[in-house]
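# Coordinate analysis (summary)
Residues per chain, in single letters:
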Amino acid sequence: MKYKNSRQLFERAQQSIPGGVNSPVRAFKSVGGTPVFIEKAKGAYLYDADENKYIDYIASWGPMILGHAHKPVVKAIQQYAKNSTSFGAPTELEIKMAELIVGMVPNVDLVRMVSSGTEACMSALRLARGYTGKNKVIKFEGNYHGHADAFLVKAGSGLATLDIQTVPGIPAGVSNDTLTAPYNDLASVVQLVAENKNQIAAIIVEPVAGNMGCIIPKTGFLEGLRELCDEENIVLIFDEVMTGFRLSAGGAQERLGVAADLVTYGKVIGGGMPVGAFGGKREIMEHIAPIGNVYQAGTLSGNPIAMIAGYTTLKELKNNPEIYLSLEAKTTYLRKGIDEVLKKSTLPFVINQFGSMISIHFSDKPVTNFEEASQCDIALFNELFHFMLQHGVYLPPSAYESWFLNDALAFKDLDKTIRLFKKFIKSKK
Ligand SMILES: *Cc1c(COP(=O)(O)O)cnc(C)c1O
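Note that the structure is a prediction, hence the values are computed from the model and not measured.

### Details of the overall build of the chain
The secondary structure content of the chain amounts to 15 helices and 14 strands. Computed over the C-alpha atoms, the radius of gyration of the chain is 21 Å, within 12% of the 22 Å expected from 2.2 N^0.38 for a compact globule of 429 residues. When its C-alpha atoms are laid out on the principal axes, the chain stretches across 60 × 55 × 45 Å. By residue count, 56% of the 429 residues in the chain fall in the buried class. Once local pairs closer than 6 in sequence are excluded, the contacts in the chain between residues at least 24 apart make up 73%. Taken together, the 44 basic and 43 acidic charged side chains of the chain have centroids lying 8 Å from each other.

So, in structure tokens, the structure goes:
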């Protein structure tokens, strides 16, 4: 019984936790089977409650970019914890964190720390509405911006995985103000803006999408949004919760050379602790309380333990820009290896990669938006997922999720993964 303890833990978890998990995708509902319960992790490897070891391609959905239990991060947390874990009053560490962020990413003059990506996006939208005095927001099908009411319309991975079409509990009055367009389809955004003249407060977009697998913005798409927002006085929000500090030290803005008005962060920014942030141009950010009247707050915002974990991670990324080259080289190596193997099979497939984000869609056409992503062979992905899990490779348990590489991965781990793809193909014959 390879997963005996995990099975028992899952049984027990369901008695006191809805569905046995604290975030839905962890439940393995779409891939089937029992989630493995993790006991610890080190570097690129996860260890479950049954003493199985896995090569980790999730990295906690991004944050563990330097690898698990990274020594400087663990040490910093231990040191700071001695001085108490929360004050609810300002600390110098928060200034250092803000200064570091402002110095790393373009177009962020002021930054406010929060405790999750959801909070960051929710607050950025409120600010955009408060700043413009307009209500409507345009988002893209298959993009996820956390679970706040306004964003749970055609929201990608988590909902797609569970096949949830509309979310009970969200008042129509809220979702009516959320307009959606297909990703990479500038013309339809132009049309939406024209049909809702002077009513759009913000356009929010994942500059590289990671919540319908990895999907790359077409040339001109983000640039077109930028121009449109300038012409129509709309706040352009880049949701960099996934891409921030992952695609480069300055995130997607820097990597793609397109400027946003507001940017949201999460995942990597907390180095594995619950952290999010939103920031942007001074003129807009000064509408936030206590300077302005757009209220936003948090008892544990800027929490010292969360700050030191994030600060230590970001500082290391800033001081060692070669990490990004190494991460990308590893991801490209993995893509090429898998590509070569799958090409020799009859399986239709598309591998999308951008920097250290990568995913496989089993499809015979390019995948550039949510509709195309949902036409892929999900059953085949689920088979692949379980095959890999059985053989010690932990992929995201959903065909709609991007994989995230971490810098602790060694080439031998990538080689093992590629070899397993060969084995998987063979098992299909
Ligand atoms: C994960 C994610 C969020 C939500 O962040 P949480 O910390 O889970 O609330 C928002 N936007 C994007 C693009 C994400 O990938």
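Further notes follow.
### Describing the nonpolar core
Core analysis: the largest hydrophobic core is formed by 110 residues, its most contacted members being Tyr57, Ile203, Phe245, Ile269, Leu314, Leu317 and Trp403. A domain-level breakdown of this core finds at least three residues from each of domain 1 (4–69 + 321–427) and domain 2 (71–319). Apart from the residues lying within four places of it in its own chain, the contact partners of isoleucine 203 are Ile138, Phe140, Val189, Leu225, Leu228, Cys229, Ile234, Val235, Leu236 and Ile237.

### Considering the sheet that holds strand E7 (residues 200–205)
Where strands meet in a sheet, backbone hydrogen bonds hold them as pairs that are either parallel or antiparallel. Strand order in this open sheet of 7 strands is E4-E10-E9-E8-E7-E5-E6, and the pairing throughout is mixed. Single-partner strands in this sheet number two, and they are strand E4 (110–114) and strand E6 (178–181). When strand polarity is set aside, the average angle formed by the axes of neighbouring strands in this sheet is 20°. As paired elements, E4 and strand E10 (residues 276–280) share 5 bridges and run antiparallel to each other. The residue of E10 that forms the bridge with methionine 113 is alanine 277. Against the sheet, helix H7 (residues 186–195) makes contact with strand E5 (136–140), E6 and E7, and its axis sits at roughly 150° relative to E6, the strand it touches most.

### Details of the pairing of strand E8 (residues 235–239)
A large share of E8 lies buried, amounting to 5 of its 5 residues. Across the two faces of E8 the burial is the same, with Val235, Ile237 and Asp239 and Leu236 and Phe238 all buried. Of the pairings in the sheet, the one linking E7 to E8 comprises 4 bridges and is parallel in character. Residue pairing in the sheet places isoleucine 204 in a bridge with isoleucine 237 of E8.

### Some words on the packing of H7 against helix H8 (residues 221–232)
It is the contact of H7 with H8, at a shortest axis distance of 10 Å, that shows an interaxial angle of 15°. Comparing their axes, H8 and H7 come out roughly parallel. Viewed along their axes, H7 and H8 form a crossing whose handedness is right-handed. In this structure, H7 uses Leu186, Val189, Val190 and Val193 to contact H8, whose residues at the interface are Phe221, Gly224, Leu225, Leu228 and Glu232.

### Considering the site of the ligand
The immediate surroundings of the ligand are formed by Ser116, Gly117, Thr118, Tyr144, His145, Gly146, Glu206, Asn211, Asp239, Val241, Met242 and Lys267. At 2.6 Å from a nitrogen atom of the ligand is found a side-chain nitrogen or oxygen belonging to aspartate 239. For the ligand, whose free accessible area comes to 380 Å², the fraction covered by protein is 83%.

### Brief notes about the sheet that holds strand E13 (residues 393–394)
As summarised here, the arrangement of the 4 strands in space is E1-E2-E3-E13, forming an open sheet in which the pairing is mixed. Each having just a single partner strand, strand E1 (38–42) and E13 make up the two edges of the open sheet. For strand E3 (residues 53–56) and E13, the ladder comprises 2 bridges, and the chain directions are parallel. Along E13, the bridge assignment pairs aspartate 56 with tyrosine 394. Those strands touched by helix H15 (residues 411–428) are strand E2 (45–48), E3 and E13, and its axis lies near 100° from that of E3.

### A look at the packing of aromatic side chains
Overall, the coordinates contain 11 aromatic pairs when judged by the stated rule. Judged by centre distance (6.0 Å) and plane angle (45°), the rings of tyrosine 57 and tryptophan 403 are tilted. Of this pair, tyrosine 57 sits in the loop between E3 and helix H2 (71–81) while tryptophan 403 sits in strand E14 (residues 403–404); the two residues are 346 residues apart in sequence, bridging distant segments of the chain. Here a set of aromatic residues connected by ring pairs shows up, and it is made of Phe140, Tyr183 and Phe221. The ring of tyrosine 47 is capped by lysine 40, whose NZ or CZ atom sits 5.3 Å from the centre of that ring. Taking the ring centre of tyrosine 45 as reference, the NZ or CZ of lysine 53 above it sits at 4.1 Å.

### Things to note about the domain arrangement of the chain
Each assigned domain of the chain is listed with its residue range as follows: domain 1 (4–69 + 321–427) and domain 2 (71–319). When each unit is reduced to the centre of its C-alpha atoms, the spacing between domain 1 and domain 2 is 25 Å. Each partner contributes residues to the interface: domain 1 has 35 residues there, and domain 2 has 40 residues. With both sides pooled, the region where domain 1 packs onto domain 2 buries about 3200 Å², and carbon together with sulfur makes up 68% of that total. Contact with domain 2 buries surface across domain 1, with Tyr324, Phe354 and Met357 losing the most and accounting together for 23% of the total. In this structure, the connection of domain 1 to domain 2 is made through 1 salt bridge. Of the charged contacts in the structure, one is a salt bridge between arginine 255 and glutamate 328, with a shortest N-O distance of 3.2 Å. Run the count over domain 1 and domain 2 and you get 13 residue pairs in polar contact (both at pLDDT 80 or more). Every element with two or more residues in the side of domain 1 that touches domain 2 is listed here: helix H12 (322–343), strand E11 (350–354), strand E12 (357–361) and helix H13 (370–374). In terms of residue count, the dominant contributor to the side of domain 1 that touches domain 2 is E12 (4 residues). For the side of domain 1 that touches domain 2, a count of residues per class yields 20 nonpolar, 12 polar and 3 charged.

Cut-offs and rules
Residues numbered from 1 in each chain as written. Predicted model: local features only at pLDDT ≥ 70, side-chain atom pairs only at ≥ 80, totals over all residues. Heavy atoms only, no water. Helix = DSSP H or I, 4+ residues; strand = E, 2+ residues; numbered from the N terminus. Rg over C-alpha atoms; globule rule 2.2 N^0.38 Å. Buried < 20%, exposed > 50% of the residue type's maximum accessible area, 1.4 Å probe, protein only. Contact = heavy atoms within 4.5 Å. Lys, Arg positive; Asp, Glu negative; His and termini not counted. Charge placed at Lys NZ, Arg CZ, Asp CG, Glu CD. Core = buried A, V, L, I, M, F, W, Y, C linked by side-chain atoms within 4.5 Å. Domains from an automatic or database assignment. Pairing = 2+ DSSP bridges. Axes fitted to C-alpha atoms, helices over the stretch in contact; angles between N-to-C directions. Parallel < 35°, antiparallel > 145°, perpendicular 65-115°, else oblique. Left-handed = near helix turned anticlockwise from the far one by under 90°. Near = heavy atom within 4 Å. Polar contact = N/O pair within 3.5 Å; in protein donor to acceptor, adjacent residues only side chain to side chain. Areas by Shrake-Rupley, 256 points an atom, 1.4 Å probe, with all protein chains shown as cover. Phe/Tyr/Trp six-rings, centres within 6.5 Å; stacked < 30°, edge-to-face > 60°. Lys NZ or Arg CZ within 6 Å of the ring centre and 35° of its normal. Buried area = accessible area lost by both parts, 1.4 Å probe. Salt bridge = Lys/Arg side-chain N within 4 Å of Asp/Glu carboxyl O. Nonpolar A, V, L, I, M, F, W, Y, C, P; charged D, E, K, R; others polar.

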